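# Inside the fold
As a plain string of letters, each chain reads:
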Amino acid sequence: MFRPTRIGTMRSRSIASMAIVIAFQMAAVLVLTHPSTHVLARGIEYEYDDRGDLAFRHQVDTALAKVRSLLDSAKSPRFILSASDVEHQYQDKFSLAEFITNTAIAATSNALDRLGVGPSVLQKLKADSDSNHVKLRFSSNETCSLIEKKVVEIADSVKHETYETTATGDPQKVEEKKITTRAVREVTEYHWSYNVSYGLLLVHDDVDLDDAVIQSRKGTEIIVVTGSERAPCPPQHVHPHRDVDLNWYLQQLHTSGEGFQSQFSIDRDASSCKTPRRNDDVQKAVEAFEELRQWTWRVSSFFHDTVASRLRSQYHHQSREYGSSFSVDDSIIFVPVLPLFQHDINGSSSESSDPLLSSADVNVLLTEQLRTIDSTISTLSEKFPSEDDGSIASTAEARLVLLMKHVASISSSFVQGVNHVEGMLRSQLVSAVGREIDSRDFGDFVKSFYPKLFRPEYVPEPFVYAVRRPDHYPDGTISIESASGVDGDGFETVLTSTRKIEGGAAMRMPINSATTIELRGEQYLHAWVRHEFGLFDNSSQAQLVARARQFSSFLLCIGNIAGPTTFQPKHAIIVQNKDEVIIPLLLEQLPTPKAFKDAIRSLSPEQQEFAKAFRSMQLESSVFAVALIQLKPQLENVLDLPDDSLTKEIKLTQNLLELFIDYQIPPDLLSYDGDKTASIGEKLSRVKENVHSVQSMIDEAKEREIKEAERQSDMRGGRKNNNMEGPSVVHSSMDYNLADEDHYDMDG
């Protein structure tokens, strides 16, 4: 369509012929609008859930009545809903997070003590933890063997009744006797001995410690199977060890008299410390308690899922119901891990007052925890047989499952408690600002500081440009828009930092394997800073919008920069006559250099080389580029017409575009080839004559095609009619041949 040697001459000064857009991304963390949002801060990630926080508040409100009854009436602990409930300072939130963590460690220590890990064991473990990894291990295995096979008779549950009559001396009377019978069938029973053994022990670096066994037991049950000799479970199944690391927990314990005291604290001066929740110290505590919670769940599931399912799925010779063999309720055990502040009932307060509960108050709560644990354990003997009974489900297993569930409750309360401290900050910030803030609000906030942060010539401007030549009305506009609002129901123009590249080299644009054109127009470099919240932010949606006015046109090319002077087009479209083209931009994040380096650290040398080469390819083609080519100036170039000759020649321009685009007419057939010194009117007249001549040829070709199509249609209809008439088939064939001869003569 264009001559490659002449396309570089652009006459537009309002918009560059090559606009390069570089999209950067900056993640911002402020007040989040979604019910469940991931919050990031220097690699620290956790999930804040509004619904979960409300459930935790209800749980604490329920526990408050019991807490008030346990503590001195002069102190009224309250659950923090907002800053107005109990006056406190920001540093008090750090103290509250430390208080929750230390209480959770102490409560876990109480549960381990009832499990068999007392102060003396902890003293030895703490000494070992300085040089080794101390773990609590649960090991288990199952065996199953056939002990008896016998045939038994089983009576049918359905009764069959018959009546037998006998004559008597009186002919008017008979005796009737009812006879009841049942069907009896023989069934083969297979009696299996199902054995379960387990052990709870302490190890360091996978080596058993001295006196490491905390609890171990073996139980046996007889499983009776009918109709099949298949074993109800594998002959022998050794389960993988279930381990939990205790090092972090032991590092927080310090000797205090005959026992231990937890001394967890947050390094407030660390660079990673952002809030009472988002810091390395609390994050390590959360990871440790979460690992402990998952371990207790795996131990409990061995009994109430694996073992109980094998027993209740078979017919057991005893009358016990195994569907709930290991079902124990830990809800009556008091969990002292609560985010509580104390408040003076007289209403007096000062900045120096400490809203935290005292150590004596915490000891009262921990004592109540031990009392409820012991009370619950004592009731297990009413439901479960003694551990000396030899059965699988005894008081020993019930106590173990109960304590596992209680430790899981402590871990969950701790995680919810420290997350609630962050929720307090969130709710207070929402109250201070007046509403929740989304990425659009944060973007507006940053935009308000642009005049203060940048010099006037560097202030980001909207990416929207008019496509026009100097001193001419715009042919259209081009813009980049991003979704506005969390719902993404609207779009607004993005702001970019723009730099005009002075004296830039011409960009080469290959349009096929044999043709490359040069773009010598103005070049601009754009940078866009995008703000995003969480995983559900719709602000990542962006689109390129091109609009053309009536009787105007331009060529839009999009692609990327493949080299210093190479623009690699991916798509192109002619926008004309009130067209509106909306092109969604799919934004893809690339790892930062540090993240990439960390990701390939453990790869093989060959894999690292491949990853580096692939990243290099991504970076080379990661710069998004847009090229705009105005068509009227290029038409004037290829037709050898003076500048602005086609500005008011609307019909001629439309005809030229139709011939070039629809019919692929070479420019040489339409260009002016007369005297170079002729006037503009004479040149236009000559081009119009050329256009009219080509259009006439096209019209004649169309007319011939129409007549040929009609003739062929008539012949197909004639052959069909002649085939139906029968005797006139030969005559029709002669007419057809004659028509063919006429056709050849006409073409000749």
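Parameters and conventions
- Counting starts from 1 at the beginning of each chain's written sequence and moves along it residue by residue.
- This being a predicted model, a pLDDT of at least 70 is required before a residue's local features are given, and a value of 80 or more before pairs of side-chain atoms are given or counted; all residues contribute to the totals for chains, interfaces and linings.
- With hydrogens and water excluded, all non-hydrogen atoms of the structure serve as input to the side-chain values.
- Strands here are runs of E lasting at least two residues and helices are runs of H or I lasting at least four, both read from the DSSP assignment and numbered beginning at the N terminus.
- Accessibility here uses a 1.4 Å probe with only protein chains present; expressed as a share of the type maximum, an area under 20% marks a residue as buried, one over 50% as exposed, and anything in between as partly exposed.
- Here, Shrake-Rupley sampling with a 1.4 Å probe gives the accessible areas, and only protein chains in the shown set may cover a residue.
- Here a cavity denotes grid points, spaced 1 Å and computed from the protein atoms alone, that fit a 1.4 Å probe unable to get out, and a pocket denotes an open set having protein on both sides within 12 Å along at least 5 of 7 lines; residues with an atom within 4 Å of a point are the lining.
- Grid points are joined across faces, edges and corners, and a volume is the space filled by probe spheres set on the points.
- Here, a salt bridge means any side-chain nitrogen of Lys or Arg that lies within 4 Å of a carboxyl oxygen of Asp or Glu.
- Two rings from Phe, Tyr or Trp (for Trp, the six-membered ring) form a pair when their centres sit within 6.5 Å of each other. Planes less than 30 degrees apart are called stacked, planes more than 60 degrees apart edge-to-face, and all others tilted.
- Counting as a charge over the ring demands two things of the Lys NZ or Arg CZ atom: a distance within 6 Å of the ring centre and an angle within 35 degrees of the ring normal.
- When two cysteine sulfur atoms are found within 2.5 Å, that pair is recorded as a disulfide.
- Charged means Asp, Glu, Lys or Arg here, nonpolar means Ala, Val, Leu, Ile, Met, Phe, Trp, Tyr, Cys or Pro, and polar covers whatever is left, Gly included.
- Patch membership requires more than 30% relative accessible area and the absence of a salt bridge. Residues of like charge join within 9 Å; the nonpolar side chains Val, Leu, Ile, Met, Phe, Trp and Tyr join within 5 Å.
- We treat Lys and Arg as the positive residues and Asp and Glu as the negative residues; His and chain ends play no part in the count.
- Where a charge lies is defined by one atom per residue type: Lys uses NZ, Arg uses CZ, Asp uses CG and Glu uses CD.
- Expected helix span is computed as 1.5 Å times (number of residues minus one).
- Contact definition: two residues touch when any of their heavy atoms are within 4.5 Å.
- Each residue carries a pLDDT value, the predictor's own confidence for that position, ranging from 0 to 100.
- Residues adjacent in sequence count toward polar contacts only when both atoms are side-chain atoms; beyond that, a polar contact is any pair of N or O atoms within 3.5 Å, and within protein one must be able to donate a hydrogen and the other to accept it.
- Buried Ala, Val, Leu, Ile, Met, Phe, Trp, Tyr and Cys residues form a nonpolar core when they are joined through side-chain atoms within 4.5 Å.
- Here, axes are lines fitted to C-alpha atoms. For helices the fit covers the stretch in contact, and angles between N-to-C directions go from 0 to 180 degrees.
- By definition in this entry, angles of less than 35 degrees are roughly parallel, angles greater than 145 are roughly antiparallel, angles of 65 to 115 are roughly perpendicular, and the rest are oblique.
- By convention the crossing between two helices is left-handed if the near helix lies anticlockwise of the far one by an angle smaller than a right angle, and right-handed if it lies clockwise.

### Things to note about the overall build of the protein chain
The helix and strand tally for the protein chain stands at 15 helices and 26 strands. When burial is assessed residue by residue, the protein chain has 43% of its 748 residues classed as buried. When the accessible surface of the protein chain is totalled, it reaches about 40,500 Å², and 50% of it is carbon and sulfur.

### Structural notes on empty space enclosed by the protein
One pass over the full model with this rule turns up four cavities of 30 Å³ or more. If you add up the space inside the largest cavity, you get close to 260 Å³. Lining the largest cavity we find 17 residues, and of these Lys447, Ser482, Glu492, Trp528 and His531 sit closest to its centre. The set of elements that each furnish at least two residues to the lining of the largest cavity consists of α8 (439–447), β16 (476–484), β17 (490–493) and β21 (523–532). With five residues, the top contributor of residues to the lining of the largest cavity is α8.

### Overview of the pattern of salt bridges
On inspection of all chains with the given rule, the structure shows 26 salt bridges. A salt bridge links Glu492 to Lys447, with the nearest nitrogen and oxygen atoms 3.9 Å apart. With Glu492 in strand β17 and Lys447 in helix α8, this pair connects stretches of sequence that are 45 residues apart. Among the salt bridges present, the one from Glu649 reaches Lys688, with a minimum N-O distance of 3.2 Å.

### Quick look at the packing of aromatic side chains
Under the criterion given, the structure shown has 14 aromatic pairs. Pairwise contacts between aromatic rings join Phe138, Tyr198, Phe302 and Phe303 into one cluster. In this structure, Arg615 is placed above the aromatic ring of Phe596, and the distance from its NZ or CZ to the ring centre is 4.8 Å.

### Things to note about the state of the cysteines
Inspection of the entire model under this criterion finds zero disulfides. Among the cysteines around Cys144, which has no disulfide bond, Cys233 carries the closest sulfur, lying 3.6 Å off. The class for Cys233 is buried, based on a relative accessible area of 7%.

### Focus: the layout of surface pockets
The computed volume of the second largest pocket comes to approximately 680 Å³. If you trace the second largest pocket, you find 26 residues lining it, with Ala106, Gln261, Ser262, Asn363 and Leu366 closest to the centre. Mapped onto the lining of the second largest pocket, the elements with two or more residues apiece are α2 (90–115), α3 (119–129), β11 (259–262) and α6 (359–378). Ranked by the residues each element gives to the lining of the second largest pocket, the list is headed by α2, at ten residues. Residue composition of the lining of the second largest pocket, grouped by class: twelve nonpolar, twelve polar and two charged.

### What about a negative patch on the surface?
Where like charges cluster on the molecular surface, the negative patch consists of Asp699, Glu700, Glu703, Glu710 and Asp714. Within the element layout of this structure, Asp699 appears in helix α14 (residues 680–725). Looking at Asp699, the relative accessible area reads 46%, which means it is partly exposed.

### Some words on helix α7 (residues 395–433)
Since the α-helix advances by 3.6 residues per turn, residues separated by three or four positions end up pointing in the same direction. For α7, built from 39 residues, the straight-helix expectation of 57 Å at 1.5 Å per residue is met to within 8% by its first-to-last C-alpha distance of 56 Å. Within α7, 29 of the 39 residues are buried, leaving the element largely enclosed by the surrounding structure. Trailing α7 by a residue or two, Gly434 shows a phi angle of about 105°, which is positive.

### Here we look at a nonpolar patch on the surface
A cluster of nonpolar side chains, Phe445, Phe449, Leu453, Phe454 and Tyr458, forms an exposed patch at the surface whose accessible area comes to about 510 Å². Looking at where Phe454 falls in the secondary structure, it is placed in the loop between α9 (450–453) and β14 (461–462).

### Re the side chain of Asp92
Position of Asp92 relative to the elements: it lies in helix α2. One buried charged residue, Asp92, remains without a salt bridge, the closest side chain of opposite sign being Arg268 at 7.7 Å. In this structure Asp92 touches Phe341 and Pro355, once residues within four positions along its chain are discounted.

### Observations concerning the confidence of the model for the protein chain
On average, residues of the protein chain score 80 in pLDDT, and 79% of them reach the 70 mark or higher. Considering only residues more than four positions removed or in separate chains, one finds that residues 1–45, a stretch of pLDDT under 50, has 173 contacts. Predicted confidence is poor over residues 727–748, with pLDDT under 50, and the contacts of this stretch with residues over four places away or in other chains come to eight contacts.

### Describing the environment of Gln608
Among the secondary structure elements, Gln608 is positioned in helix α11 (residues 605–620). If we skip the residues at most four places from it in the chain, Gln608 touches Ile600, Arg601 and Leu603. Reaching out from Gln608, the side chain makes a polar contact with the backbone oxygen of Leu603 at a distance of 3.1 Å.

### Considerations on unusual backbone geometry
Positive phi outside glycine occurs at Asn577, with the angle close to 50°. On the basis of relative accessible area, Asn577 is assigned to the partly exposed category, the value being 25%. Within the chain, Asp640 stands out as a residue other than glycine whose phi angle is a positive 60°. The topology assignment puts Asp640 in the loop between α12 (631–638) and α13 (650–662).

### Some remarks on the nonpolar core
Judged by nonpolar contacts, the single largest core of 93 residues is most densely connected at Leu136, Phe138, Trp295, Phe303, Leu400 and Phe414. Sort the elements by how many residues they give to this core and α7 lands first, with 14 residues. By size, the runner-up hydrophobic cluster in this structure holds 31 residues, among which are Ala627, Leu657, Phe660 and Ala678.

### Details of the packing of α2 against α6
In a packed pair of helices, the relevant descriptors are the angle between the two axes and the axis-to-axis distance. Close contact between α2 and α6 brings their axes to 10 Å; oriented N to C, the two are set at 30°. One finds that α2 runs roughly parallel with respect to α6. Crossing geometry of α2 relative to α6 is assigned as right-handed. In this structure, α2 uses Phe99, Thr103, Ala106, Ala107, Asn110, Ala111 and Arg114 to contact α6, whose residues at the interface are Val362, Leu366, Gln369, Leu370, Ile373 and Asp374.

### Things to note about the packing of helix α5 (residues 280–312) against α7
Where α5 contacts α7, the axes come no closer than 9 Å and their chain directions differ by 150°. Put simply, α5 runs roughly antiparallel to α7. Regarding α5 and α7, the two cross each other, and that crossing is left-handed. Across the interface between the two elements, Val282, Ala285, Val286, Phe289, Glu290, Leu292, Arg293, Trp295, Thr296, Val299, Ser300 and Phe303 of α5 pack against Glu397, Leu400, Val401, Met404, Lys405, Val407, Ala408, Ser411, Ser412, Phe414, Val415 and Val418 of α7.

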